[in-house]
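Architecture at a glance
Here is what each chain is made of, one letter per residue.
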Amino acid sequence: MSNKFYKLKVSGIEKSTIDCSIISFDIPLDLYEQFSFKQGQYLTLQTKIDGKEIRRSYSLCSSPLDGEWKVGIKKIEDGKFSTFANEVLKVGDELEVMPPNGNFYAEIDKTNQKNYVAFAAGSGITPIFSIIKTHLLEEPKATFKLFYINPKVVSIILKEELEALKNQFMSRFEVFYFLTREHRSVPLLKGRLSEEKMEMIFKTICDTNQIDEYFSCGPEPMILMIRDFLLKNNVGKEKIHFELFNTTGSNIETKKKVAQTFKGKVADITILEGGKSMNFKIEQGSDNILDAALKNAADLPFACKGGVCCTCRAKLIEGNVEVLVNYGLEEEEIEQGYILTCQSIPTSDKVVVDFDS
Ligand SMILES: Cc1cc2nc3c(=O)[nH]c(=O)nc-3n(C[C@H](O)[C@H](O)[C@H](O)COP(=O)(O)OP(=O)(O)OC[C@H]3O[C@@H](n4cnc5c(N)ncnc54)[C@H](O)[C@@H]3O)c2cc1C
Ligand code: FES
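Bear in mind the structure is a predicted one, so any value in this text is a computation, not a measurement.

1. A look at the overall build of the chain
If you tally the helices and strands in the chain, you get eight helices and 18 strands. Scaling as 2.2 N^0.38, a compact globule of 357 residues should have a C-alpha radius of gyration of about 21 Å, and the chain matches this with 21 Å. For the chain, the spread of C-alpha atoms along the principal axes amounts to about 60 × 50 × 40 Å. Of all 357 residues assigned to the chain, the portion counted as buried reaches 39%. The contacts in the chain between residues at least 6 apart in sequence include a share of 69% that link residues at least 24 apart.

The following block contains the structure:
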């Protein structure tokens, strides 16, 4: 995984809603290959805000078929990057951008006759829109049903684009808009998505036996509810794809426990990256490998620092770690020894991790 950033010019900024800007980038021809992407992938953006480097990930909301690189950034109250992007950033400004990354997608196959279902809430529509558009355009027999949750009609991000897609693929694409703070006459579409509503959807609108793949993107509780509901209804794990934009700090208790258990013991850490090796010591159980290495002036790849994006993935060559959260790595990768270094706390005398593996 490259941690290289490229300076890209902002070529356009449009408001999709009052607090969500769609930002387009100019990609120079010599970077086309590096910036080629799959539907559902994200860019990591970085800039200095109040003198501090801030980096955040944003899903591409354009399709790879568009020849455009667009992200939709929703302003979050007191959010550093999202406020900057919505209130300060101008066309012509430059941002540091890491090439596309992520595995929130299913492979495209023109011969597919698959039925897809997607769930999105708020800004979670960005990767989902790219996924829907690409499958509909590339797979002539694919169908898509989207369940999209927002507070009000005015807060629906990419509404015009979704309506245009609906008109273009009338027989293959359906959208169900749920509103949580505005009236809807159909009870199903009023309020948040719940387990009861999932029951209703899969009784009246679609049948899990006829759906081939599921995508969801939104707040952690919604994503986990959808995942658990589908698993309970015998949907295979491999058919359920989800992307989380942030995670709750549910690991605080584990963190405290690990710190207490390993207090006073030293871990000798070796980091292998880019053909180089660095070494430093920290107290076992005290900090995750990524943060500890960054504090020791390492230049390592990372983005979300929340166990979601996998940018900080590395192989544990020697030693033990306590993993706090993992929403990104597949079981296979874990079995092969991969860890998310932003979530891995050293718990042995010696720990060696390899970012080049
Ligand atoms: C793979 C990936 C793809 C993403 N794609 C998008 C995208 O397409 N569009 C988009 O708008 N965002 C997206 N995000 C989220 C984005 O990276 C930032 O986390 C978000 O913009 C907040 O950053 P900030 O600097 O404004 O807020 P911060 O300054 O980091 O946080 C401010 C406060 O808001 C809380 N907070 C942080 N993120 C959220 C959130 N998502 N919802 C509610 N509260 C939050 C924090 O806990 C904190 O209290 C994505 C994240 C990941 C990991
Ligand atoms: S930086 Fe995103 S998972 Fe570690």
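2. Some remarks on the domain arrangement of the chain
Domain parsing of the chain yields domain 1 (6-101), domain 2 (115-244) and domain 3 (252-354). Using C-alpha coordinates to define each centre, domain 1 is positioned 28 Å away from domain 3. Contact with domain 1, which involves four residues of that partner, is made by four residues of domain 3.

3. Observations regarding the sheet that holds strand β8 (residues 143-150)
Strand order in this open sheet of five strands is β9-β8-β7-β10-β11, and the pairing throughout is parallel. A strand with exactly one partner marks an edge of an open sheet, and here the two such strands are β9 (173-179) and β11 (240-244). With strand direction ignored, the average angle separating the axes of adjacent strands in the sheet is 10°. Examined bridge by bridge, strand β7 (residues 115-121) and β8 share seven bridges and lie parallel to one another. Across the sheet, residue Val117 finds its bridge partner in β8, namely Lys145. Seen against the sheet, helix α5 (residues 220-232) touches β7, β10 (213-218) and β11 and runs at an angle of roughly 170° to β11.

4. Focus on the pairing of strand β14 (residues 313-318)
Where β14 and strand β16 (residues 338-340) come together, three bridges link them in antiparallel fashion. Counterpart to Arg313 in the pairing with β16 is Leu340. Sheet topology note: the β14/strand β18 (residues 350-354) ladder contains three bridges and is antiparallel. Looking at β18, one finds that Leu316 is bridged to Val353.

5. What to know about helix α2 (residues 125-138)
Helix length check: α2, at 14 residues, gives a terminal C-alpha distance of 20 Å against a target of 20 Å (1.5 Å per residue), a fit within 8%. Of all the 14 residues making up α2, eleven are buried; the element is thus mostly covered by neighbouring parts of the structure. Among the residues of α2, Ile125, Thr126, Pro127, Ile128, Phe129, Ser130, Ile131, Ile132, Lys133, Thr134 and His135 are the ones counted as buried.

6. Observations regarding the environment of Asn150
Position of Asn150 relative to the elements: it lies in strand β8. For the pair formed by Asn150 and Met278, sequence separation is 128 residues and the distance between their alpha carbons is 47 Å. Apart from the residues lying within four places of it in its own chain, the contact partners of Asn150 are Gly122, Ser155, Ile156 and Leu179.

7. Details of the site of ligand 1
Contacts to ligand 1 come from 25 residues, most closely from Gly79, Phe81, Ser82, Thr126 and Cys304. Listed by contribution, the elements that provide at least two residues to the shell around ligand 1 are β4 (52-59), β5 (69-74) and α1 (80-87). Its residues placed into classes, the shell around ligand 1 shows ten nonpolar, ten polar and five charged.

8. Thoughts on the packing of α2 against helix α3 (residues 159-168)
Interhelical geometry of α2 versus α3 gives an angle of 20° and a closest axis separation of 12 Å. Relative to α3, the element α2 is oriented roughly parallel. α3 is crossed by α2, and the crossing has left-handed handedness. Touching Phe129, Ile132, Lys133 and Leu136 of α2 are Glu161, Leu162 and Leu165, all from α3. Of the residues in the contact of α2 with α3, the class split is five nonpolar, no polar and two charged.

9. Points about the sheet that holds strand β6 (residues 94-101)
Pairing is antiparallel across the open sheet formed by six strands, whose spatial order is β4-β3-β6-β1-β2-β5. Of all strands in the sheet, those bounded by a partner on one side alone are β4 and β5. Between one strand and the next, the sheet's axes are offset by a mean angle of 40°, whatever the strand orientation. Seen against the sheet, α1 touches β2 (20-26), β3 (42-49), β4 and β5 and runs at an angle of roughly 115° to β5.

10. Brief notes about the pairing of β9
Where β8 meets β9, seven bridges bridge the pair, whose relative direction is parallel. Bridged to Ile149 within β9 is Phe178. As for the winding sense of the linkage, the β-α-β connection from β8 through α3 to β9 is right-handed.

Rules and cut-offs
Residues numbered from 1 in each chain as written. Chains lettered and ligands numbered in written order. Predicted model: local features only at pLDDT ≥ 70, side-chain atom pairs only at ≥ 80, totals over all residues. Helix = DSSP H or I, 4+ residues; strand = E, 2+ residues; numbered from the N terminus. Rg over C-alpha atoms; globule rule 2.2 N^0.38 Å. Buried ≥ 20, exposed ≤ 12 C-beta atoms within 10 Å, placed from the backbone. Contact = placed C-beta atoms within 7 Å. Domains from an automatic or database assignment. Pairing = 2+ DSSP bridges. Axes fitted to C-alpha atoms, helices over the stretch in contact; angles between N-to-C directions. Expected span 1.5 Å × (residues − 1). Near = placed C-beta within 6 Å. Nonpolar A, V, L, I, M, F, W, Y, C, P; charged D, E, K, R; others polar. Parallel < 35°, antiparallel > 145°, perpendicular 65-115°, else oblique. Left-handed = near helix turned anticlockwise from the far one by under 90°. Right-handed = clockwise from strand over helix to strand, strands pointing away.

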